[in-house]
Structure formats: structure tokens, C-alpha cells
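# Observations on the model geometry
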Amino acid sequence: GAVVSQHPSWVICKSGTSVKIECRSLDFQATTMFWYRQFPKQSLMLMATSNEGSKATYEQGVEKDKFLINHASLTLSTLTVTSAHPEDSSFYICSARDQLAGAYEQYFGPGTRLTVT
Amino acid sequence: AQSVAQPEDQVNVAEGNPLTVKCTYSVSGNPYLFWYVQYPNRGLQFLLKYITGDNLVKGSYGFEAEFNKSQTSFHLKKPSALVSDSALYFCAVRDTGTGRRALTFGSGTRLQVQP
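Let me sum up the structure you'll find in this document. Predicted model only: the values in this text are computed from it and were never measured.

With that settled, the discussion passes to the pattern of salt bridges. Per the stated rule, a full pass over the model turns up 5 salt bridges over all chains. Two residues, A:Asp88 and A:Lys66, come together in a salt bridge whose shortest N-O distance is 2.9 Å. Taken together, the positions of A:Asp88 in the loop between strand 8 (76-81) and strand 9 (90-96) and A:Lys66 in the loop between strand 6 (57-58) and strand 7 (67-73) put the pair 22 residues apart, joining distant regions of the chain. With respect to burial, A:Asp88 and A:Lys66 carry one shared label: buried. With a closest N to O distance of 2.8 Å, B:Lys78 and B:Asp85 form a salt bridge. Residue classification places B:Lys78 among the buried positions, given a relative accessible area of 7%.

Okay, structure coming up:
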């Protein structure tokens, strides 16, 4: 149990376009999901906390107008990178916690590698 | 603010030998501590956690970790390393002294097990 999926697994887009990344909890409900960003050979940096039915909470320094987060249901959160630029190229990872099961650990999606040309 | 330190960028160990990956933390309240492993171009896989109770916790794939409150450490260990254990390991903490639900990760330690 506790599987989190992400789609797409990788995407290449042109500078100035927008890209949407989906994060789904497949076998549990998640009122909260988290979006992280990972640069090569670096750790995960939290970008925002996605709350079902309400606005996301962004970390300091993360542009909320650039990284749009929508948590439309208990099993789906989306991250849209708007007007992407090459510096947005990174590995984006989402996670979720099965709160109803009382689980403390977060389960991570497989990640989405974004390359902006 | 909560923080996690993994002092070693890389740990090298021969197959069959015991391994230790170090982690120390800083929190304002009680810590929830976690270890995750990441293989190339993959997401993170949960290994084990400490929430409360016994200081020695056992997790997946034969890994274990010991919570040491006085030293604020949570080192990951395995009695006998396998080549397949070679990966990137992350320690993470959640500070129950704050309202923050997200995890804070260490910088990661690359484990290389030589045959």
C-alpha cells in the first residue's frame, strides 16, 4: 500500500511554455501533499505544501505565481510551472502521508524530470 | 528552525562489512526521524522511522537506526553491506515543536559498496 504516482516521469519543454505535473495517491487519501525540488547531487528542497480544498502554502523564496499548485481532490495534486525557463530545469518530487492510517512517514512519488530548452 | 546534518558526502564500504551512515539533527520539540534511500532518477523509498519508544528501530532491507537523544543523532546502520545497497541516503526530521508538517532533509550521503 501507500503508493504515490507522478505523471509525466520526464518532460522537455520550450522556454516560455507551461508544464503541468500530476501527483496521485493511488491507494489512500491525502489531505496534504508536499512538492519538493531536487537539483543534481543535492538534497530535496521543499517548495510548497498542498492542502486539499484550500490554497497551498509556499516556502520562502518560491514564487507562487510561477509554481501553481492545485489540490483538487483527496488523491490528486498538480504543480504547474508557468512560463518555464531553463533555470526551472530540475527533478520535481511530490509526497503524501496517509493520515487516516495514522502513518507518520511520507511516501514519495518517483519524480518528474523537467528540462526546459 | 529544524535542521539535519549528514556530515559525510560519501561512505565507502566493502561488501559484507558493517556500514554506518551518520545523521544529526536540531529541533525545538521532539523529533520524528526518518531515513530514505534514493536510486538514480527515482523518487525516495522509505526505510525506517523513529517516532517514540525503543531507541533502536529496524526497517526495510536489514537496515536499522539508533535514536540518541543526548547526542541528537540518528545514525543508519546495517550489519553486512550488499553491493545493491549502493545508493543515496537521506535523513529527515519533522519537528513536533512547530506546526510544520513537512520534512527537512539532510544533504544526503552516497553509499558505495565495493564487491
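This is not the end of the story, as more comes after the structure.
Glancing now at the packing of aromatic side chains. The final tally for this structure, using the stated rule, is 13 aromatic pairs over all chains. Aromatic pair A:Phe108 and B:Phe105: ring centres 5.8 Å apart, planes at 75°, arrangement edge-to-face. Highlighted residues: A:Phe108 in strand 10 (residues 107-108) and B:Phe105 in strand 11 (residues 104-105), drawn from two different chains. For the residue pair A:Phe108 and B:Phe105, the accessibility class agrees, reading buried in each case. Where B:Phe90 meets B:Phe105, the ring centres are 6.3 Å apart and the plane angle is 90°; that geometry is what we call edge-to-face. Of this pair, B:Phe90 sits in strand 10 (residues 87-95) while B:Phe105 sits in strand 11, and the two are 15 residues apart along the sequence. For B:Phe105, a relative accessible area of 8% corresponds to the buried category. By way of ring pairs, the aromatic residues A:Tyr36, A:Tyr107, A:Phe108, B:Phe34, B:Tyr36, B:Phe46, B:Phe90 and B:Phe105 are connected into one cluster.

In this section: the pairing of strand 7 of chain A. All names here are of chain A. The pairing of strand 7 with strand 8 spans 5 bridges and is antiparallel. Counterpart to Leu68 in the pairing with strand 8 is Thr80. If you look at the hairpin formed by strand 7 and strand 8, you'll find 2 residues sitting between the two strands.

Here the focus is the state of the cysteines. One way to say it: the disulfide is the covalent bond shared by the sulfur atoms of two cysteines. Residue and element names in this part refer to chain A. With the rule as written, the count across this model stands at 2 disulfides over all chains. Covalently, Cys23 is tied to Cys94 through a disulfide, its sulfur atoms 2.0 Å apart. With the S-S bond torsion at 80°, the cross-link from Cys23 to Cys94 turns out right-handed. In this pair, Cys23 sits in strand 3 (residues 19-25) while Cys94 sits in strand 9, placing the two residues 71 residues apart along the sequence. Cys94 matches Cys23 in its accessibility class, with the two residues each being buried. Note on Cys13: no disulfide assigned, nearest cysteine sulfur contributed by Cys94 at a separation of 18 Å.

Reading the values: rules and limits
- Residues numbered from 1 in each chain as written.
- Chains lettered and ligands numbered in written order.
- Predicted model: local features only at pLDDT ≥ 70, side-chain atom pairs only at ≥ 80, totals over all residues.
- Heavy atoms only, no water.
- Salt bridge = Lys/Arg side-chain N within 4 Å of Asp/Glu carboxyl O.
- Helix = DSSP H or I, 4+ residues; strand = E, 2+ residues; numbered from the N terminus.
- Buried < 20%, exposed > 50% of the residue type's maximum accessible area, 1.4 Å probe, protein only.
- Phe/Tyr/Trp six-rings, centres within 6.5 Å; stacked < 30°, edge-to-face > 60°.
- Pairing = 2+ DSSP bridges.
- Disulfide = S-S within 2.5 Å.

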